[in-house]
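Overview (structure and organization)
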Amino acid sequence: MFNRDLKKGSTELLVLSLLDQRPRHGYEIGKLIELRSSGKLHFRIGSFYPILCRLEDRGLITGRWIERAGERRRRYYKLTSEGRTVLAQQRSVWKEFVVTVNDIVRATS
Amino acid sequence: MPDWASYVRQNLRLRTLRPEREAEIVEDLAGQLEYAYRESLNRGLTDEQAQDAARQHVVDWASLSNELDHSHRGKESAMAILQRQAEDRDVRKRRTFSILSDLRQDVLYGLRVLAKNPGFTTIAVLTLALGIGANTAIFSIIDAVMLKSLPVRDPQGLMLLKWGARQSPKIHNSNSYGDCVTSIGGANAGGCSLSKPFLEDVRTQTNVFSGLAEFASAGAMNLSGNGPASRVNAQYVSGDFFQTLGVGAAAGRLIAPFDDTPSANSVAVLNYAYWQKAFGGNSSVVGETIHLNNLPFTIVGVAEARFNYLTPGNGYDLWISLSQRSRLRKGWNPRSDDAGSWWIVAVGRLKPGVARSEAQNKLSQLFLNDLLHADKPLAKEEDAPAITLEPAQTGLTGARRRLSTPLFVLMMAVGIVLLIACANVAGLMLARAAARQKEIAVRLALGAGRARIVRQLLTESVTLSIAGGLLGIILAFWGARALLAFLESTSQRPLGFTAGLDFRVLGFTAATAIITGIAFGLAPAVRCMRVDLTPVLKDGSGKGSSEGHGGRGWLNLGNSLVVAQVALTVVVLVGAGLLVKTLENLKSIDPGFSTNNVLNFDMDPTLTGYKGERLATFYRDLRDRFNAIPGVLSASYSEMSLLSGSLSTTGFHLPGTPPKKESNADYLPVGAEFFATMQIPLVGGRVFHPEEYVQAAKEEADPKSQSQVPEAAIVNESFVRAYFPNVNPLGQPFGATGPGITGDPDQTVEPGWVIVGVVGDAKYNNLRREVHPTMYVPSGEGGSFELRTDGNPMAAMDGVREVMRQTGSDIPIFNVKTESEQIDALLFQERLIARLSSSFGMLALLLACIGLYGLLSYEVAGRTHEIGIRMALGAQAGNVLRDVVGKGITLAATGVAIGSAASFEVTRFLGTLLYDVKPSDPKTLVSVGVILLLVALAACYVPARRATMVDPLVALRYE
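Residues numbered from 1 in each chain as written. Chains lettered and ligands numbered in written order. Predicted model: local features only at pLDDT ≥ 70, side-chain atom pairs only at ≥ 80, totals over all residues.

**Considering the overall build of chain A**
Looking only at helices and strands, one finds 4 helices and 3 strands in chain A. The helix and strand sequence of chain A, counted from the amino end, reads α-β-α-α-β-β-α. Counting across all 109 residues of chain A, residues that qualify as buried make up 25%. (Helix = DSSP H or I, 4+ residues; strand = E, 2+ residues; numbered from the N terminus. Buried ≥ 20, exposed ≤ 12 C-beta atoms within 10 Å, placed from the backbone.)

Here it is in structure tokens:
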């Protein structure tokens with residue numbers, strides 16, 4: 001639906017926003033984005049997983065293994081305090097960006 | 001259900017991440033794919049469709065791998081990346097397996113692992129350095145003394161002429177200088193000293209040698225003309241000596257054939273080391289004149305530096321030609337150069353095309369002919385006298401014989417120390433291997449072969465031992481030099497040995513290091529072969545299981561290593577204990593005279609021309625002057641000082657025994673007040689009268705003036721017990737000869753001796769030798785002076801020098817030693833091995849303690865949880881302490897028991913080195929056992945105490 005570059009610029013914000021509420025495992029985050037965008041945004045594990053790793057590298061999220069009876073153990077990611085700060089910044093920047101882009105788009109349409 | 005983890009592992013190609021991180025990513029991705037797959041199944045897709053849908057999530061594995069490689073968490077160091085890249089290549093190219101690149105990556109990985117554990121690495125490297133260093137030090141001495149090639153051109157081509165015969169030839173003079181094994185007098189005689197006429201015949205009649213180098217010790221000489229008079233060791237050599245050996249000159253020229261003629265000028269060539277020491281390496285010394293025993297010699301050159309000796313341990317300060325002997329040597333007479341005087345040693349180079357056996361035949365024929373057809377036949381044909389040619393390298397034994405047993409014993413000791421070091425490091429490696437189980441399991445899970453892991457672990461241990469070897473070389477270099485300096489300091493003449501790092505020593509160290517590395521690396525490597533993946537990977541602690549140090553059961557690998565260390569330590573300590581006890585036994589021997597406050601020194605006034613009556617007067621005068629030095633209680637002289645290693649014996653006929661039977665006694669000519677000075681008690685009769693010294697001096701000056709009455713002799717108690725057991729020995733004559741007594745019409749008439757006094761038994765040449773029947777006779781001269789002082793004997797030395805200066809003679813004094821120092825020098829071999837073996841024993845003890853301490857500490861750490869529970873359930877600290885200490889002591893006691901049994905076998909090798917102590921001496925065994933158990937107790941106490949400090953709450957939270 002949306003092209004790759006558009007998605008690329010916003011994925012981090014999407015992941016951080018979804019983890020703001022509670023820890024989730026990787027596939028769940030991807031599914032949730034797809035669900036909440038009514039299928040307009042779709043991520044494959046192959047393209048989504050490196051982003052999770054990068055966020056973890058930067059210390060914005062952290063992973064923890066959780067094992068439940070009869071299930072393969074899964075890695076759950078949650079937001080770190082630094083992640084929370086970055087999320088707040090990114091949210092305001094995003095809002096400003098959207099407003100700015102909208103202003104320009106409206107003025108020229 | 002598909003195995004998603006395998007699917008991910010097959011497709012993902014990570015290059016830069018640590019194995020643990022890689023495993024995490026694999027599991028995380030596999031979990032997500034499995035979730036996607038299950039979801040598709042739930043949506044009603046078939047299994048195949050669901051798998052397809054999941055697989056669609058990752059299409060471009062290469063770009064995913066690439067992106068993950070760029071994440072920096074879990075990233076390895078640049079060195080490790082190199083290693084892992086090599087490992088990847090290894091997977092792809094397994095069939096074209098390259099040993100070198102594997103080795104490189106193993107070494108790189110090993111270095112990284114070792115650098116990560118600096119504590120472990122330092123202890124292991126130091127332990128190994130001590131073990132390998134001690135071995136290298138002793139080996140480099142063995143190399144210098146036993147194995148080093150002779151410092152000449154083509155040493156293998158140089159042949160020593162040795163003679164042998166069933167019965168000793170009837171020669172009237174024989175001199176040997178410790179160059180080879182010599183046995184003269186009696187059956188199976190042999191040696192390497194030959195007569196001048198025979199060697200001349202070899203040159204002119206056999207035509208088998210292209211060069212023949214002849215040499216003989218010229219003994220100690222008095223050198224003047226270069227500062228104060230000094231004493232040097234010189235060697236007579238033939239004109240073609242240096243040419244035959246292929247030795248060059250460092251300055252000037254060497255002795256040439258034209259120097260070795262009766263009319264030649266007197267020239268001398270200096271040894272390089274002596275030139276450096278005495279002349280400061282100054283080249284202008286060539287052409288200068290020095291005086292040897294008051295005769296002028298021109299220095300014509302210096303031999304090249306590497307030529308420090310021909311016979312190991314027989315170093316000489318300078319060389320002069322054989323033709324000078326008649327001019328120089330005291331006691332030379334025309335008979336010295338006849339066929340019955342054997343005093344020259346020779347080595348030759350065979351002519352090209354002449355076989356050794358052919359040369360031996362020719363030489364033996366000539367030898368037999370010369371012996372049978374001498375003026376007076378020297379041997380019978382049935383005695384089969386023959387010449388054999390032995391490579392000079394093995395034939396010229398020199399100091400090798402004296403040093404071979406101690407060096408062998410020391411090599412055994414350091415070998416055992418190295419074994420202990422190996423066991424110690426193997427114990428450390430085992431403990432660490434347990435801690436590394438997780439890492440190894442992950443590597444195995446990721447597809448590494450077990451053989452590959454074993455090789456990796458062995459490479460790590462060999463890397464450790466090579467590091468230990470490199471450090472060991474430094475220790476060895478320093479140790480070997482100290483050891484040689486010690487050897488040199490106890491020797492009266494230059495030994496000429498230099499310990500260096502040649503290819504043999506470095507090869508030995510390299511081989512030792514590699515074998516050591518494999519030896520201590522095998523145990524942990526074999527253990528890792530048995531790793532069971534599932535429990536290890538599940539256990540999050542990464543510490544392995546409670547199984548601990550090398551397996552379950554009491555007799556596991558870790559325990560066995562500690563037992564082995566203790567047992568080996570017992571062997572070294574028992575050996576060292578026996579050797580120390582031997583030294584103590586020798587030191588505590590009562591030599592029969594008081595060794596405190598005695599100063600000995602030697603001189604030889606005959607070298608500066610004193611002889612006859614003048615010599616006797618000189619001695620009498622000196623004795624009086626020494627007596628007057630403040631602090632000197634009494635002074636005397638003798639042919640040689642007691643316990644100096646020198647010995648003189650004589651044969652005589654004892655009245656009442658068959659005419660041809662010869663009795664023997666030790667023989668020592670002494671000056672006035674000898675017994676009072678040495679404090680040898682007079683048991684019966686009297687000491688010598690002054691006129692007896694005067695008569696002795698007369699006879700020494702002129703043998704023709706010998707009186708026809710028996711000479712006075714004082715004998716010791718052993719002499720009386722052996723030869724006059726049931727009679728009053730005083731006034732008994734003995735030793736008279738003549739046709740009337742022996743029945744031999746050619747026998748000269750000698751009046752013999754009469755016993756005038758009996759003294760207590762006293763040791764003569766050394767401490768080990770039992771006191772033999774000994775006779776003392778009066779003498780107007782002597783080589784050694786003895787001064788009894790009332791305090792520090794060395795304090796009298798200034799007075800002695802002043803007296804010598806007043807006499808106005810340029811006579812050097814040498815071998816200045818107190819009697820105690822003399823005994824120390826005599827016991828140098830015993831002191832050397834006692835001192836070194838105890839150091840190695842201490843080293844062994846230290847290593848074994850570290851081993852025991854390490855094992856227990858590791859176990860206590862591993863059992864924190866268990867100990868916590870026991871203490872929570874009411875166990876007392878005392879129980880826990882007893883438990884841990886008990887385990888340590890049980891191990892140590894087992895080691896002591898095994899070691900004691902083993903030492904019975906091993907210490908038998910010490911045999912001849914021991915004195916008055918049996919190899920199975922119970923006292924030594926018990927003391928070593930007690931010492932070890934006490935030290936073990938101390939080593940156990942620290943970890944045991946730590947165990948009692950365990951807080952149950954903390955311990956229970958531990959897991």
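**What to know about unusual backbone geometry**
Residues and elements named next belong to chain B. Its identity is not glycine, yet asparagine 293 carries a phi of approximately 45 degrees, on the positive side. In this structure, alanine 384 is a non-glycine residue whose phi angle is positive, near 50 degrees. Looking at the secondary structure, you find alanine 384 in the loop between helix 12 (356–372) and strand 13 (386–391). Residue alanine 384 is classed as partly exposed on the basis of its C-beta count, with 13 C-beta atoms lying within 10 Å.

**Looking at the interface of chain A and chain B**
Residue-level contacts link 14 residues of chain A with 19 residues of chain B. Sorting the residues of the side of chain A that touches chain B by element identifies helix 2 (26–36), helix 3 (45–57) and strand 3 (74–79) of chain A as the ones contributing at least two each. Take the side of chain A that touches chain B: its biggest share by element is 8 residues, from helix 3 of chain A. Partitioned by chemical class, the residues of the side of chain A that touches chain B number 5 nonpolar, 2 polar and 7 charged. (Contact = placed C-beta atoms within 7 Å. Nonpolar A, V, L, I, M, F, W, Y, C, P; charged D, E, K, R; others polar.)

**Comments concerning the packing of helix 29 (residues 877–906) of chain B against helix 30 (residues 922–948) of chain B**
All names here are of chain B. Interhelical geometry of helix 29 versus helix 30 gives an angle of 150 degrees and a closest axis separation of 8 Å. Considering the angle they form, helix 29 stands roughly antiparallel to helix 30. Every pair of crossing elements has a handedness; the one defined by helix 29 and helix 30 is right-handed. The residue makeup of the contact of helix 29 with helix 30, split by class, is 20 nonpolar, 4 polar and no charged. (Axes fitted to C-alpha atoms, helices over the stretch in contact; angles between N-to-C directions. Parallel < 35°, antiparallel > 145°, perpendicular 65-115°, else oblique. Left-handed = near helix turned anticlockwise from the far one by under 90°.)

**Remarks on the sheet that holds strand 3 of chain A**
Residues and elements named next belong to chain A. Strand order in the open sheet made by the 3 strands is 1-3-2, with antiparallel pairing throughout. A single partner strand is all that each edge strand has here, and the edge strands are strand 1 (24–25) and strand 2 (61–66). In the sheet, strand 1 pairs with strand 3 via 2 bridges, with the strands oriented antiparallel. Bridge assignment links histidine 25 to a residue of strand 3, and that residue is tyrosine 76. (Pairing = 2+ DSSP bridges.)

**A few points about the confidence of the model for chain B**
Residues and elements named next belong to chain B. Taken over all residues, the pLDDT of chain B has a mean of 83, while the share at 70 or more is 90%. pLDDT under 50 marks residues 540–550. Its contacts with residues more than four places away, or in other chains, come to 27 contacts. On the interface metric, ipTM, the complex scores 0.86, and its pTM is 0.65. (pLDDT = per-residue confidence, 0-100.)

**Quick word on the nonpolar core**
Considering soluble globular proteins, one finds that nonpolar side chains tend to be buried as a cluster. All names here are of chain B. By size, the foremost hydrophobic cluster in this structure holds 153 residues, and its most contacted members are Val417, Ile420, Val572, Phe840, Ala844 and Leu852. For this core, the element with the highest residue contribution is helix 14 (residues 400–435), accounting for 20 residues. Not counting residues up to four positions away in its chain, the partners in contact with alanine 844 are Ile416, Val417, Ile420, Leu568, Thr569, Val572 and Leu573. Membership of the second largest hydrophobic core comes to 75 residues, among which are Phe307, Tyr309, Trp342 and Val347. (Core = buried A, V, L, I, M, F, W, Y, C linked by C-beta atoms within 7 Å.)

**With respect to helix 29 of chain B**
Counted at 1.5 Å a residue, the expected span for helix 29 of chain B with its 30 residues is 44 Å, and the 42 Å between its end C-alpha atoms agrees. Looking at the packing, one finds that the buried side of helix 29 of chain B touches helix 19 (557–587), helix 27 (828–862), helix 28 (864–872) and helix 30 of chain B. (Expected span 1.5 Å × (residues − 1).)

**Here's the deal with the pairing of strand 14 (residues 598–602) of chain B**
All names here are of chain B. Within strand 14, 4 of the 5 residues are buried, which leaves the element mostly enclosed by the surrounding structure. As paired elements, strand 14 and strand 23 (residues 784–789) share 5 bridges and run antiparallel to each other. Bridge pairing links phenylalanine 601 to phenylalanine 785 in strand 23. In the sheet, strand 14 pairs with strand 24 (residues 814–818) via 3 bridges, with the strands oriented antiparallel. For asparagine 600, the partnering residue across the bridge sits in strand 24 and is lysine 817.

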